[in-house]
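# Coordinate inspection notes
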Amino acid sequence: MTRTSNRTYWAAGTAVLLALLFAVAATVASASGGGADGSRTSARAPGLYSPDAGFARDMAVHHQQAVEMSFIVRDRTKDEPVRGLAYDIANTQANQRGMLLGWLDLWGLPKVVADEPPMSWMGTAGQHGGHGTAGHGTAGHDMSGHDMPGHDMGGAAAKPGALMPGMATKEELAQLGAAEGRDAEVLYLQLMTDHHKGGVAMAQGCAQQCETPAERALAQGMVEAQQSELTLMADMLKQRGAAPRG
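Summary of the structure given here. (Residues numbered from 1 in each chain as written. Predicted model: local features only at pLDDT ≥ 70, side-chain atom pairs only at ≥ 80, totals over all residues. Heavy atoms only, no water.)

## Points about the overall build of the protein chain
When its secondary structure is counted, the protein chain shows six helices and zero strands. The secondary structure elements of the protein chain, listed N-terminal to C-terminal, are α-α-α-α-α-α. Counting the 246 residues in the protein chain, one finds 51% classified as buried. Contacts in the protein chain between residues far apart in sequence, at least 24 positions, make up 72% of those at least 6 positions apart. For the protein chain, the accessible surface area stands at approximately 11000 Å², while carbon and sulfur atoms represent 55% of it. (Helix = DSSP H or I, 4+ residues; strand = E, 2+ residues; numbered from the N terminus. Buried < 20%, exposed > 50% of the residue type's maximum accessible area, 1.4 Å probe, protein only. Contact = heavy atoms within 4.5 Å. Areas by Shrake-Rupley, 256 points an atom, 1.4 Å probe, with all protein chains shown as cover.)

What follows is the structure, given as structure tokens:
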């Protein structure tokens, strides 16, 4: 990689590490009733349809696909920069997913809610409140990924066949699994670029709407780390004579 790419990669890795370290400390603090800064947090758990719970459920699913794609590409190429990036993304997002699911356990909330459309939590702020809420927000995305009133994903939208913004379809995952060498590297970087863009929009939503301090901090860490990785992946695509998809 070029010197610029190395600096970008180091910055992305550092941002991810710092976000994970802070989130681990914040998780312990949340479990004991204290905020990351030592302050006390509310004793009430987030409601079933709150942004806090909705983000935890949706981002856990979103992260799982990133982990899956990263393991696929590690078997499809011998390129060390791509394999290294894939390992870092898989490791980071698997750990973050564990934190999100752990919070749901701490809050006594289910990991799947049958009547909750993906991303519906993005429109709940100001309608039902974040903690101790039993109401169900109506703004967000319907199951096809179309925008619903009161919802703003910053331009990100789920493509046909994808559950949430940025996520790959089954056909795209199959295509990645069949590709080899440079073709696999380019497709992975393009798919992960889309994935990160959707993830950043989701994390920004939690950073603005979630009421749990530790979760907001983790979401902001995701925004910063994934934005750094977006810059890195654009450089890696350019090195391979390709570019992010439109």
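## A word on the packing of helix α2 (residues 51-74) against helix α5 (residues 181-209)
α5 packs onto α2 with a crossing angle of 165° between their chain directions and a minimal axis gap of 10 Å. Relative to α5, the element α2 is oriented roughly antiparallel. In this structure, α2 crosses over α5, and the sense of that crossing is left-handed. For the pair formed by α2 and α5, the contact residues are Pro-51, Phe-55, Asp-58, Met-59, His-62, Gln-65, Ala-66, Met-69, Ser-70 and Val-73 on the first element and Ala-184, Tyr-188, Leu-191, Met-192, His-195, Gly-198, Gly-199, Met-202, Ala-203, Cys-206 and Gln-209 on the second. The residue inventory of the contact of α2 with α5, partitioned by class, reads 13 nonpolar, seven polar and one charged. (Axes fitted to C-alpha atoms, helices over the stretch in contact; angles between N-to-C directions. Parallel < 35°, antiparallel > 145°, perpendicular 65-115°, else oblique. Left-handed = near helix turned anticlockwise from the far one by under 90°. Nonpolar A, V, L, I, M, F, W, Y, C, P; charged D, E, K, R; others polar.)

## Focus on the state of the cysteines
Under the criterion given, the structure shown has one disulfide. Between the sulfur of Cys-206 and that of Cys-210 lies a disulfide, 2.3 Å long from S to S. Torsion about the S-S bond of the Cys-206 and Cys-210 cystine: about -120°, corresponding to left-handed handedness. Of the two residues, Cys-206 and Cys-210, neither departs from the other in class, the shared state being buried. (Disulfide = S-S within 2.5 Å.)

## Thoughts on helix α4 (residues 170-178)
Within α4, burial applies to Glu-172, Leu-173 and Leu-176. Here the buried residues of α4 occupy an arc of 100° about the axis, which is enough to place them on one side. Relative to its buried face, α4 has exposed residues pointing more than 90 degrees away, namely Lys-170, Glu-171 and Ala-178. Residues of α4 that are buried in the fold lie against α2 and α5. (Arc of directions from axis to C-beta.)

## Notes on the packing of α4 against α5
At a closest axis distance of 9 Å, the pairing of α4 and α5 adopts a crossing angle of 150°. Classified by the angle their axes make, α4 and α5 are roughly antiparallel. Along this stretch, α4 crosses α5, giving a crossing that reads as left-handed. In contact with Glu-172, Gln-175 and Leu-176 of α4, α5 contributes Ala-184, Leu-187, Tyr-188 and Leu-191. In terms of residue class, the contact of α4 with α5 is made up of five nonpolar, one polar and one charged.

## Observations regarding the side chain of His-63
Its location among the elements puts His-63 in helix α2. With relative accessibility at 0%, the residue His-63 sits in the buried group. In contact with His-63, not counting residues within four places along its chain, are Gln-93, Gln-96, Arg-97, Met-222 and Gln-226.

## A few points about the environment of Leu-109
Mapped onto the secondary structure, Leu-109 falls in the loop between α3 (80-107) and α4. Residue classification places Leu-109 among the buried residues on the basis of a relative accessible area of 14%. Considered as a pair, Leu-109 and Pro-46 are 63 residues apart in the sequence and their alpha carbons are 8.7 Å apart.

## Overview of the side chain of Thr-77
With respect to the helices and strands, Thr-77 occurs in the loop between α2 and α3. Those residues within four positions of Thr-77 in sequence are excluded, and the remaining contacts are Val-82, Arg-83, Gly-181 and Glu-185.

## Concerning the pattern of salt bridges
For the structure shown, the criterion picks out 10 salt bridges. Arg-76 is the partner of Glu-180 in a salt bridge, and the nearest nitrogen-oxygen pair spans 3.4 Å. Of this pair, Glu-180 sits in the loop between α4 and α5 while Arg-76 sits in the loop between α2 and α3, placing them 104 residues apart in sequence. Note that Lys-111 is salt-bridged to Asp-105, the shortest N-O span being 2.6 Å. (Salt bridge = Lys/Arg side-chain N within 4 Å of Asp/Glu carboxyl O.)

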